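Observations on the model geometry
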Amino acid sequence: MRLSVIIPARNEGETIAGTIAGVARALDEAGRDYEVIVVDDASTDATAAVVQQAAEADERITHLRSPRPGGFGFAVRAGLDVYDGDAVAIVMGDGSDSPRDLVRYCELLDEGGFDCAFGSRFLPGGSVVDYPRAKLVINRAVNFGIRVLFGHHYDDTTNAFKAYRREVIDSVQPLVSNHFNLTVELPLKAIVRGHSYAVLPITWTNRESGQSKLALKEMGSRYLYIVLMVFLEHSLSHGDYRRPGYRDQRPGLRGALRRRQGDHERAKR
């Protein structure tokens, strides 16, 4: 399986070199076939120069100046327009996501037979390091609301760091989120449209330098719009957008694992 890693980056000149190096080192050590696409989201600092230097040193790294307007969702979508892997992972440019968890995502997609690899920072075995208190409270409230609305038992929908097989990305199109609300559009559409997923505990570490680009005051209504849009599809579309062979994913990880185990047992018979 060839993995494409999309890293949206806006003014991450202080952190992006370390992020790229960490991802490349972890995937190299795991013997993975991969590409890294750093999507420059209208940066005005040294981000472009740093990424270009990394790209010149390693042909598997690409610097892509986003042709779309500025915005996290636009940047990720620009990367999704050009990636060539069998699966794709979204990794933040600030170094907050663990490259070791990225390797575990690959193993899950390879060996577990799932369509999506989701992480949770709040499962036993996961952790958050230096999470700003106000953001943590809002995060827990928003994710609880999404869990109740969709009944999927997944507690970290809003985290961008996830991996998807190519067929998932194809089936969730067209994507409409321009900003950080893409972090909920991708997984919720994947779940509602019937793709299998499993959840792993992951580690998140707050950035050591630079500034967060997520403005909570600006994102509230955008998140709500996407959540309600996908919920209406889930409730009113009569399954028109679901893939053939859809099975309700709401029992969550345990149910998904049980289904996979049952399929395996039936195949042996």
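Before reading further, recall that the structure is shown in the block above.
We now turn to the structure provided with this report. Quantities reported herein were computed from a predicted structural model and do not represent experimental measurements. (Residues numbered from 1 in each chain as written. Predicted model: local features only at pLDDT ≥ 70, side-chain atom pairs only at ≥ 80, totals over all residues. Heavy atoms only, no water.)

**Here we look at the overall build of the chain**
Looking only at helices and strands, the chain features 9 helices and 9 strands. A burial count over the chain gives 51% of its 269 residues as buried. Summing over all exposed atoms, the chain offers an accessible surface of approximately 12,500 Å²; the carbon and sulfur share of this is 52%. (Helix = DSSP H or I, 4+ residues; strand = E, 2+ residues; numbered from the N terminus. Buried < 20%, exposed > 50% of the residue type's maximum accessible area, 1.4 Å probe, protein only. Areas by Shrake-Rupley, 256 points an atom, 1.4 Å probe, with all protein chains shown as cover.)

**Topic: the packing of aromatic side chains**
Inspection of the entire model under this criterion finds 7 aromatic pairs. Considering the side-chain rings of Phe-118 and Tyr-164, the 6.0 Å spacing of their centres and the 65° angle between planes classify their relative orientation as edge-to-face. Separated by 46 residues along the polypeptide, Phe-118 in strand β5 (residues 116–120) and Tyr-164 in strand β7 (residues 162–165) bring together distant segments of the chain. Here the two residues Phe-118 and Tyr-164 agree in accessibility, since each one is buried. Between the aromatic rings of Phe-150 and Phe-231, the centroid separation amounts to 5.7 Å while the plane-to-plane angle is 90°, which identifies the pairing as edge-to-face. Of this pair, Phe-150 sits in helix α5 (residues 133–150) while Phe-231 sits in helix α8 (residues 216–236); the two residues are 81 residues apart in sequence, bridging distant segments of the chain. A relative accessible area of 5% places Phe-150 in the buried class. If you follow Lys-162 out to its NZ or CZ, it ends over the ring of Phe-118, 5.8 Å from the centre. Lying across the ring of Tyr-83, Arg-166 places its NZ or CZ 4.1 Å from the centre. (Phe/Tyr/Trp six-rings, centres within 6.5 Å; stacked < 30°, edge-to-face > 60°. Lys NZ or Arg CZ within 6 Å of the ring centre and 35° of its normal.)

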